[in-house]
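# Breakdown of the fold
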Amino acid sequence: MTNETKNSVSLENITALAKRRGFIYQTSEIYGGLANSYDYGPLGTELLLKIKELWWNFFIRRRDDMLGLDSQILLHPETWVASGHVDSFTDPLVEDQLNHKRYRADLLIEEYLNKHPEEQKEIIIANLSTSELDELIGKYQIKSPDGNPLSKTQDFNILFETAIGAVTDKKSQVYLRGETAQGIFSNFKQILNSNRQKLPFGVGQIGKSFRNEITTGQFIFRTLEFEQAEIEYFFDPDTNSWEDLFRDWQNQMWDFVTKVLGIKEENLRWRRHTDKERSHYSKETYDLEYHYPFGWKELWGIAYRGDYDLRQHQEFSKKSLEYIDPQTNKKFLPHVIEPAAGINRLLLMLLCDAYQEDPSKERIVMAFKAKIAPYQLAVFPLLKNKNELVDKAKQVYEDLRQTYQVAWDDRGNIGKRYLSQDEIGTPFCLTIDFETLENDTVTIRHRDSAKQERLAISELNNYLKTALA
Ligand code: ATP
């Protein structure tokens, strides 16, 4: 917890670019917006789809020991009693005593400590009791952001409740899922029976989750509705060392972020949860943190949860969730390691990591890894009123679209078109000019260096295959 900022980009820059170029919009803006809610525009949607596809390929499709799942947002309400969410999925809430605006006590304290590093460098605020939080608020004389006194802290349950059908009695009450993981646990037996899968194996799922978050701000970092990509990796603790599996999953997470998404290692770090911070059933928890413009924050959590979840569901459902070892006939509840990521936080990280201002050339470049960029290529006819140039450019454009995501731009001058593509991260721009009509070559311009070279159209596919690998 420090206030030094490695990323020079500010959240305001990211928010403005995201809105201007159609990555992310405020939800229901025409009605004045909706707290903690954002919509994804044409380019943001492309990035979200890419992240999910890359995650799915990396963690599910290419592995023999992983299976996919798509469970419902609405589950049997008993699920959330068994999981502990109904009782303890709470955030510590404080209220401004004058204007009654609500805040998360732990985050107000964290913000105070960020601004006053001399107080204490590494206080871990997570999982402190309401009275411990009140004590810190008193000790540091923390006020609301409007400068008013704060109420006492109380637990606020962040599960969203709704009801099924016309009757709104207790029986029809359901919850919008607060995490995707519980659908994996409640399907454990069906997955086992229908796939004859042997331990160790994992189940992964991507989907929407909902939390009635108190805190506002920080853009898409913390929203009411968001997407998670969660894995439960089941194993026999007598056969597999949890420490080895845990380390292996940590490496997989690190590789995905650095190698697949291309994030800079210096903006990433592991933070181990303290004993106090960790849930009582967890033997080990780490957060993979990214250095966002507002500080080091959790991107992706990994926890060893023992057999807590399956045991709880077995007890509440009264159905055996035990695994029978086909060789030894040993009957037991498997243990799990849970890597749980937020897709929207991965997207925010991509935007922050890619953002570069190039003052000498007066341009903003989103230096996404070529494969990740919303468009891999843009195709321009040098002039828009010369039919032979436009026809040739359209032909190249249509050909490339069979394989890549390609933007078309014929507005303004070439220099402006380059700047416009730099700002959305398009790695290559191809210009069709008079020389193209003579010898079937194009100018290819590189986003990062702004250098140009001449290339035969027949060589393009091979060239791009290597460049976009
Ligand atoms: P935080 O401490 O930031 O509230 P958490 O520890 O409660 O997060 P988990 O329950 O571990 O989060 O959820 C797994 C992942 O889901 C997180 O690492 C994060 O990427 C994502 N996530 C959780 N809550 C939100 C939210 N409100 N908005 C966006 N992403 C979220």
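Quick caveat: nothing in here was measured; it's all calculated off a predicted structure. (Residues numbered from 1 in each chain as written. Predicted model: local features only at pLDDT ≥ 70, side-chain atom pairs only at ≥ 80, totals over all residues. Heavy atoms only, no water.)

On a plain count of helices and strands, the protein chain comes out with 15 helices and 23 strands. Along the first, second and third principal axes, the C-alpha set of the protein chain runs to 75 × 65 × 50 Å. Among the 469 residues that make up the protein chain, the fraction classed as buried is 54%. By sequence separation, contacts in the protein chain at least 24 residues apart represent 67% of the contacts at least 6 residues apart. With 60 positive and 72 negative side-chain charges, the protein chain shows a spacing of 2 Å between the two charge centroids. (Helix = DSSP H or I, 4+ residues; strand = E, 2+ residues; numbered from the N terminus. Buried < 20%, exposed > 50% of the residue type's maximum accessible area, 1.4 Å probe, protein only. Contact = heavy atoms within 4.5 Å. Lys, Arg positive; Asp, Glu negative; His and termini not counted. Charge placed at Lys NZ, Arg CZ, Asp CG, Glu CD.)

What follows concerns the pattern of salt bridges. Counting across every chain of the model gives 40 salt bridges. Where R272 meets E284, a salt bridge forms, and the shortest distance between an N and an O atom there is 2.8 Å. In this pair, R272 is assigned in strand β11 (residues 268-272) and E284 in strand β12 (residues 284-292), connecting sequence segments twelve residues apart. Its relative accessible area of 11% is what places E284 among the buried residues. The shortest N-O distance in the salt bridge between D309 and R305 comes to 2.8 Å. Each member of the pair, D309 together with R305, is buried. (Salt bridge = Lys/Arg side-chain N within 4 Å of Asp/Glu carboxyl O.)

The next point concerns the packing of aromatic side chains. Applying the stated criterion across every chain, the model contains 31 aromatic pairs. When the ring of F246 is compared with that of Y286, the centres are 6.0 Å apart and the planes differ by 55°; the resulting orientation is tilted. Placement of the pair is F246 in helix α9 (residues 242-260) and Y286 in strand β12, with a sequence separation of 40 residues. Each of the two residues, F246 as well as Y286, counts as buried. For the ring pair Y397 and W408, a centre distance of 5.3 Å and an interplane angle of 50° mean the geometry is tilted. Of this pair, Y397 sits in helix α12 (residues 387-401) while W408 sits in strand β20 (residues 406-408); the two residues are eleven residues apart in sequence, bridging distant segments of the chain. Using a relative accessible area of 9% as the deciding quantity, one classes Y397 as buried. (Phe/Tyr/Trp six-rings, centres within 6.5 Å; stacked < 30°, edge-to-face > 60°.)

For strand β19 (residues 377-381), the buried fraction is high: five of the five residues fall into the buried class. Burial along β19 is two-sided: the face carrying L377, V379 and P381 and the face carrying A378 and F380 are both buried. As for the winding sense of the linkage, the β-α-β connection from β19 through α12 to β20 is right-handed. With five bridges connecting them, β19 and strand β21 (residues 428-432) associate as parallel partners. By the bridge assignment, F380 is partnered in β21 with T431. (Right-handed = clockwise from strand over helix to strand, strands pointing away. Pairing = 2+ DSSP bridges.)

Taken together, the neighbourhood of the ligand is formed by 16 residues, with E213, R222, T223, E298 and L299 sitting nearest. Within the side chain of R211, a nitrogen or oxygen atom sits 2.9 Å from an oxygen atom of the ligand. Between the ligand and R222, the relevant distance is 2.7 Å, taken from an oxygen atom to a side-chain nitrogen or oxygen of the residue. Secondary structure elements with two or more residues in the shell around the ligand: β10 (225-235), β13 (295-306) and β16 (335-342). A per-element tally of the shell around the ligand places β13 first, with four residues. Looking at the shell around the ligand, its residues break down into six nonpolar, four polar and six charged. (Near = heavy atom within 4 Å. Polar contact = N/O pair within 3.5 Å; in protein donor to acceptor, adjacent residues only side chain to side chain. Nonpolar A, V, L, I, M, F, W, Y, C, P; charged D, E, K, R; others polar.)

To continue, consider the packing of helix α2 (residues 42-61) against helix α11 (residues 343-354). The contact between α2 and α11 brings their axes to 10 Å, and the two run at 115°. Considering their axes alone, α2 and α11 lie roughly perpendicular with respect to each other. As α2 runs across α11, the sense of the crossing is right-handed. Note on element contacts: α11 touches α2 through I343, N344, L346, L347, L350 and L351, opposite G44, L47, L48, I51 and K52. (Axes fitted to C-alpha atoms, helices over the stretch in contact; angles between N-to-C directions. Parallel < 35°, antiparallel > 145°, perpendicular 65-115°, else oblique. Left-handed = near helix turned anticlockwise from the far one by under 90°.)

One open sheet holds the three strands; their spatial order is β5-β4-β6, and the pairing between them is antiparallel. What marks the edges here is a single partner per strand, and that holds for β5 (102-104) and β6 (154-157). In this sheet, neighbouring strand axes are inclined to one another by 50° on average, regardless of whether the strands run parallel or antiparallel. Here three bridges tie strand β4 (residues 90-95) to β5, and the two strands are oriented antiparallel to one another. What sits directly across from E95, in β5, is R102. Taken strand by strand, helix α5 (residues 105-115) contacts β4 and β5, and its axis lies near 70° from that of β5.

Ranked by internal contacts, the top residues of the largest apolar core, which has 63 residues, are F23, L299, W300, L348, M349 and F368. Listed by contribution, the elements that provide at least two residues to this core are α1 (11-20), α2, β10, α9, β12, β13, β16 and α11. Among all residues touching M349, those that are not within four sequence positions of it are V257, L261, I263, L268, Y290, Y292 and L299. One finds Y397, I444, L455 and L464 within the second-largest nonpolar core, a separate group that totals 19 residues. (Core = buried A, V, L, I, M, F, W, Y, C linked by side-chain atoms within 4.5 Å.)

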